[in-house]
Amino acid sequence: MAPLLSIKDLTVDYRHEDRWLPAVKNVFLDVSEGETVAIVGESGCGKSTLALTPLGLLPQDGTCRTTGQVFLNDKNLFNLKEEERRLLRGRRIAMVFQDPFSSLNPVLTINYQLQEAIILKEGKPNHQTAMDLLKQVHLSDAERILESYPHQISGGQRQRVLIAMALVHHPALLIADEPTTALDVTIQDEILQLLKELKTKLGMAMIFITHNMGIVKNISDRMAVMYAGHIVELGKTADVLAAPKHPYTQALLRSLPKLTGSLGTIPVMEGQPPEPSAMPAGCPFHPRCDRTFERCEKEDPFERDSDGRRVQCHLF
Amino acid sequence: MLTYVSKRLLAAIPILLGISFLTYMVMALAPGGPTAFMSDLNPKVSPEVREKMVKLYNLDKPIHVQYVKWVGRLVRFDFGNSFKDNQPVIKKIRERLPKTVLLSGLSLLLVFFLAIPIGVLSAVKHNSWVDRILTVFVFVGFSIPTYWVALLFMIVFGIYLGWLPMTGFRSILADEMTWGGQLMDVAKHLALPLLVTALTGLAGLSRYMRNGMLDVIRQDYIRTARAKGLPEHRVILIHALKNSLIPLVTILGLSLPDLISAGVIFETVFSYPGLGRLAYEAVMARDFPVIMATVTIGAFLTLAGNLIADISYAYADPRIRHR
Ligand SMILES: Nc1ncnc2c1ncn2[C@@H]1O[C@H](COP(=O)(O)OP(=O)(O)OP(=O)(O)O)[C@@H](O)[C@H]1O
Ligand SMILES: [Mg+2]
């Protein structure tokens, strides 16, 4: 069966003054119906850029360009007209963003913003649909919340509203870009449980971006590790976490603060990921890699497949 | 809200007094102050007239006493009589103010109606040729002084083309015209000053609108609106415009004192019988009571404008309204 979403050799560049700098580079990624793929990686490695691409929400003002292909079912999204792409947004692919505090329009009521999405589906506003949606994301006190402006409700409530908004059309794919990062720890967990529950109930596929390995383990079927725009390792979450292959994945997992063990010896990864303007030759990770050898400085490694596991490293 | 407004109104009183006191002092101490007008600057004033004036305006008393007496008359809306022609100042103002309000009001309306679409278009078509042309226009509008544009327009439309009258508010023969004819006559007289003020005001405001809009378009909630699948015109005209109009409300309030200050230059150039020209003439003639009156009105308009700006801002922005 063809995957729901299929990203083939995607490269996304941003223009910085007169140079094009890649934020996502030669990425291949498939997402099947109903599965959850987690994307992890350090800040600036291109996770959000990758997430915005299927929706067509990358900057349209000439500061961004894409090459490669993105298929939704069998349609190449890059061949569609803007209007056709818009009709997929919200309907087939929906998105939940990182910051619920800035993601709702401050001068419009929750009801207005929710009804806008409902109108797109049902052709007219529908109070009952709005109430049902809020109930679905476990917001009690729905009447009051509908009447409120965003600043009158909490961050967790706002994120629930944004999730409700994303679910209006029962999309086939939900892309969640660090949906819990801006929230309190206790609320993070509730939102996570909610997303898991809704995903199962509605049979959605999900791309979940995070840098929290605990969440990755909890929520995803497969995981992709990104470094400097590349997916350096991809595989079943359980397999990758149990036996990471790429030196970067290994370092990332090692750098996790462990609650067991003595406090003084929390390993922290050395160095910084490279700036897009100063990409090293060869493998982008080699300056930080503890197993680097001659070839790493010269050749960019290709992705290698073995048993549904993909590692982009000369060691394999 | 009501207590807030009354608090603000009370706070305005000392500010108003402060401004008028400072102006009074500066005027009194400046070379060519009221007493100088009586003697050095005006040889036509006979000693008897001077004596009378000095008595009338308490010019022989210490300055703070003069000021207190002036304030005492002010609260009864008595601005005194003009030094120039001994007419009551309040009468002059009553005559001039409506004309200034008419011109400035029309110009403000015109500016807002043009600046908003221009700004939005510029922002949406960011860096396109539309944006570039508008940017050039705005910079030209910014850099050329008002009086120069005024003179240019007078030469082109008044002299070369002869389409429009260049100065004044009505024709000399206006009284003999029909009602419709008189209206047409006033409209023709207003056309040039209106065009000039609107053009210069447009430059600033459309730029402001463009930048505000560009700012808003980058916000997360605009991305959310697009992610919902809303058509682009809804994203721009509802989600973005509503937010970028809020600061404009403030600008509108704050531009209230421009009624007088902007008028000083172009009303004089066009010999338009408004408040600005009255102020200009008064300064030139050291007409102390008229100067004080226009400054007081200016200060009042500034404070009123600030208050209106704050109240309407609070009304427009729910984040402030609910505080
Ligand atoms: N609109 C833009 N214009 C120019 N450069 C951009 C833009 N958006 C992102 N970038 C650059 O692209 C690279 C990847 O950014 P992206 O936001 O995708 O990273 P990320 O992995 O989501 O990071 P974070 O974890 O901090 O959210 C960064 O170097 C960033 O500076
Ligand atoms: Mg991001």
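Okay, so let's go over this structure. Starting afresh in each chain, residues are numbered from 1 along the sequence in its written order. Each chain is given a letter, starting from A, and each ligand a number, starting from 1, according to the order in which they appear as written. Local features in this predicted model are restricted to residues whose pLDDT is 70 or higher, and side-chain atom pairs enter the listing and the counts only when it is 80 or higher, whereas totals over whole chains, interfaces and linings include all residues. With hydrogens and water excluded, all non-hydrogen atoms of the structure serve as input to the side-chain values.

Some words on the sheet that holds strand β2 (residues 19-31) of chain A
Residues and elements named next belong to chain A.
1) Next: Pairing in this open sheet of 4 strands is antiparallel, and the strands run β2-β1-β4-β5 from one edge to the other. Strand pairing shows two members of the sheet lacking a second neighbour, β2 and β5 (75-76), which therefore form its edges.
2) Next: Inspection of the sheet shows strand β1 (residues 5-16) paired to β2 by 9 bridges, in the antiparallel sense. Bridge pairing in β2 links Leu 5 to Val 31. A pair of strands counts as paired when DSSP detects no fewer than two bridges linking them. To qualify as a helix, a DSSP run of H or I must reach at least 4 residues; to qualify as a strand, a run of E must reach at least 2; elements of each kind are numbered from the N terminus.

Some points on empty space enclosed by the protein
1) Next: Detection works on a 1 Å grid of protein atoms alone, calling trapped sets that fit a 1.4 Å probe cavities and calling open sets with protein on both sides within 12 Å along at least five of seven lines pockets, with lining residues defined by an atom within 4 Å of a point. Grid points are joined across faces, edges and corners, and a volume is the space filled by probe spheres set on the points. Using the criterion set out here, one finds 5 cavities of 30 Å³ or more in the structure.
2) Next: Forming the walls of the largest cavity are Gly 90, Ala 94, Met 95, Ala 117, Leu 162, Met 165, Ala 166 and His 169 of chain A together with Thr 224, Ala 227 and Lys 228 of chain B.
3) Next: Every element with two or more residues in the lining of the largest cavity is listed here: β6 (93-96) and α6 (155-166) of chain A together with α9 (220-227) of chain B.
4) Next: If you tally residues by element for the lining of the largest cavity, the top one is α6 of chain A, at 3 residues.

Structural notes on the site of ligand 1
Residues and elements named next belong to chain A.
1) Next: The near set for a molecule or strand comprises every residue that places at least one heavy atom within 4 Å of it. Every one of the 14 residues lining ligand 1 counts as a neighbour, but Ser 43, Gly 44, Lys 47, Ser 48 and Thr 49 are closest to it.
2) Next: Counted as a polar contact is a pair of N or O atoms within 3.5 Å, where, for protein atoms, one must be capable of donating a hydrogen and the other of accepting one, and residues adjacent in sequence contribute only when both atoms are in side chains. In this structure, an oxygen atom belonging to ligand 1 sits 3.3 Å away from a main-chain N or O atom of Cys 45.
3) Next: At a separation of 2.7 Å, an oxygen atom of ligand 1 approaches a polar side-chain atom of Ser 48.
4) Next: In isolation ligand 1 has 630 Å² of accessible area, and contact with the protein removes 68% of it. Areas reported as accessible are Shrake-Rupley estimates using a 1.4 Å probe. Residue values count occlusion only from the protein chains shown.

Points about the environment of Leu 162 of chain A
1) Next: Within the secondary structure, Leu 162 of chain A sits in helix α6.
2) Next: Residue burial is assigned from relative accessible area. The probe radius is 1.4 Å, only protein chains are included, and a residue is buried under 20% of its type maximum, exposed over 50%, and partly exposed in between. Assessed through its relative accessible area of 6%, Leu 162 of chain A is described here as buried.
3) Next: On a C-alpha basis, the gap between Leu 162 of chain A and Ile 110 of chain A in space is 9.5 Å, while along the polypeptide they are 52 residues apart.
4) Next: Not counting residues within four places of it along the chain, the set of residues in contact with Leu 162 of chain A comprises Pro 100, Ser 103 and Leu 104 of chain A together with Thr 224 of chain B. In this description, contact between two residues means that some pair of their heavy atoms is separated by no more than 4.5 Å.

Things to note about helix α12 (residues 275-284) of chain B
Residue pairs three or four apart in sequence face the same way in an α-helix, which turns once every 3.6 residues.
1) Next: Of all the residues in α12 of chain B, the buried ones are Leu 275, Gly 276, Arg 277, Leu 278, Ala 279 and Ala 282 of chain B.
2) Next: Trailing α12 of chain B by a residue or two, Arg 286 of chain B shows a phi angle of about 50°, which is positive.

Concerning the pairing of β1 of chain A
All names here are of chain A.
1) Next: Linking two consecutive strands that pair antiparallel, namely β1 and β2, is a turn of 2 residues; a positive phi of about 50° is found at Glu 17 within it.
2) Next: Pairing analysis gives 8 bridges linking β1 to strand β4 (residues 64-72), with the strands arranged antiparallel. In the sheet register, Ser 6 faces β4, and the bridge partner there is Phe 71.

What to know about the layout of surface pockets
1) Next: Quantified by volume, the largest pocket comes out at close to 1100 Å³.
2) Next: What lines the largest pocket is a set of 36 residues, and nearest its centre among them are Leu 58, Pro 59 and Gln 60 of chain A together with Ile 217 and Arg 226 of chain B.
3) Next: Taken together, the elements giving at least two residues each to the lining of the largest pocket come down to β1, α1 (47-52) and α2 (82-88) of chain A together with α5 (89-124), α8 (179-217), α9 and α10 (232-254) of chain B.
4) Next: Side-chain classes follow a simple rule in which Ala, Val, Leu, Ile, Met, Phe, Trp, Tyr, Cys and Pro form the nonpolar group, Asp, Glu, Lys and Arg form the charged group, and the remainder, Gly included, forms the polar group. In terms of residue class, the lining of the largest pocket is made up of 13 nonpolar, 9 polar and 14 charged.
5) Next: The calculated volume of the second largest pocket comes to roughly 720 Å³.
6) Next: In terms of lining, the second largest pocket is formed by 31 residues, of which the most central are Ser 107, Leu 108, Gly 201, Ser 255 and Asp 258 of chain B.

Observations concerning the packing of aromatic side chains
All names here are of chain B.
1) Next: Stacked, edge-to-face and tilted are the three classes for Phe, Tyr and Trp ring pairs, Trp counted by its six-membered ring, which pair at centre distances within 6.5 Å; planes under 30 degrees apart are stacked, over 60 edge-to-face, the rest tilted. Counting across every chain of the model gives 11 aromatic pairs over all chains.
2) Next: Their ring planes at 70° and their centres at 5.5 Å tell us that Phe 153 and Phe 157 sit as a pair that is edge-to-face. With Phe 153 and Phe 157 both in helix α7 (residues 146-160) and 4 residues apart, the pair spans about one turn of that helix. When sorted by exposure, Phe 153 lands in the same class as Phe 157, which is buried.
3) Next: Ring geometry for Phe 157 and Trp 163: centres 6.0 Å apart, planes at 40°, overall tilted.
4) Next: Counting every residue linked through ring pairs, the aromatic cluster contains Phe 21, Tyr 24, Tyr 67, Trp 70 and Phe 288.

Worth remembering: the numbers are spatial, not functional.
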